[in-house]
Amino acid sequence: AKEEGEEGVESARARKRRIESEMKKLLEEEGVGGGGGGDGDGDGGSYVAELNKLTGLPHSEDTLLFAVPVCAPYSSISKYKYKVKLTPGEGKKGRTGKQAVDVFARNKECLPREKDLIKMMSDNEVVQCIIGDVKMSTPGLHAAHNAKRSAKKANKNKSTK
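### Section: the environment of Asn-124
Inspection of the secondary structure assignment puts Asn-124 in helix α5 (residues 123-129). It is 9.1 Å that separates the C-alpha atoms of Asn-124 and Gly-97, two residues lying 27 residues apart in sequence.

### Considerations on the layout of surface pockets
Taken as a whole, the largest pocket encloses approximately 1300 Å³ of empty space. If you go around the largest pocket, you meet 44 residues; those closest to its centre are Thr-55, Phe-66, Ala-67, Val-68 and Val-70. The set of elements that each furnish at least two residues to the lining of the largest pocket consists of α1 (12-30), α2 (46-52), β3 (85-88), α3 (93-106), α4 (112-120) and α5. Taken together, the residues of the lining of the largest pocket break down into 32 nonpolar, 4 polar and 8 charged.

### Re the confidence of the model for the protein
Per-residue confidence for the protein gives a mean pLDDT of 80; residues scoring 70 or more make up 84%. Between the elements of the protein, mean pLDDT differs from a low of 50, seen in strand β1 (residues 2-5), to a high of 92, seen in α5. Between residues 35-42, whose pLDDT stays under 50, and residues either more than four places distant or in other chains, the model counts 2 contacts.

About the criteria used
Residues numbered from 1 in each chain as written. Predicted model: local features only at pLDDT ≥ 70, side-chain atom pairs only at ≥ 80, totals over all residues. Heavy atoms only, no water. Helix = DSSP H or I, 4+ residues; strand = E, 2+ residues; numbered from the N terminus. 1 Å grid on protein atoms, 1.4 Å probe; cavity = no way out; pocket = protein on both sides within 12 Å on 5 of 7 lines; lining within 4 Å. Points joined across faces, edges and corners; volume = space filled by probe spheres on them. Nonpolar A, V, L, I, M, F, W, Y, C, P; charged D, E, K, R; others polar. pLDDT = per-residue confidence, 0-100. Contact = heavy atoms within 4.5 Å.

This is how it looks when you write it as structure tokens:
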């Protein structure tokens with residue numbers, strides 16, 4: 001799949017590499033990335049310091065490096081910027097995860113950097129945090145579903161003409 005960006009047509013793979021290199025540069029500037037064993041107990045309190053960098057409600061001045069999918073009780077993530085409510089149901093984990101990512105990416109408050117980070121999450125990462133077969137409910141779910149259907153219908157009409 002090719003997308004048109006600032007530099008013309010760019011493949012999804014090239015776009016992903018470009019975003020990963022940008023994230024690597026940001027990590028180096030912040031002093032987070034690079035060397036070390038990654039076990040977190042080298043500097044005493046460094047593990048806690050790294051955890052304190054995580055936020056569910058980013059501010060405009062924050063430097064965003066990653067998006068991390070989380071499954072938790074709804075009351076504990078009520079203040080998160082991006083959230084969906086999962087209840088036991090018949091939906092498959094993979095499909096529900098893709099729907100959630102789609103709803104997040106279509107959010108009107110979603111900044112371009114946030115949208116890139118949300119789309120960078122692999123399906124596997126999202127599916128692994130979902131527990132069992134679930135039904136998803138959230139504001140904007142119906143609108144996202146209708147937008148997807150109308151886009152599909154428009155593409156079908158273009159191909160028949």
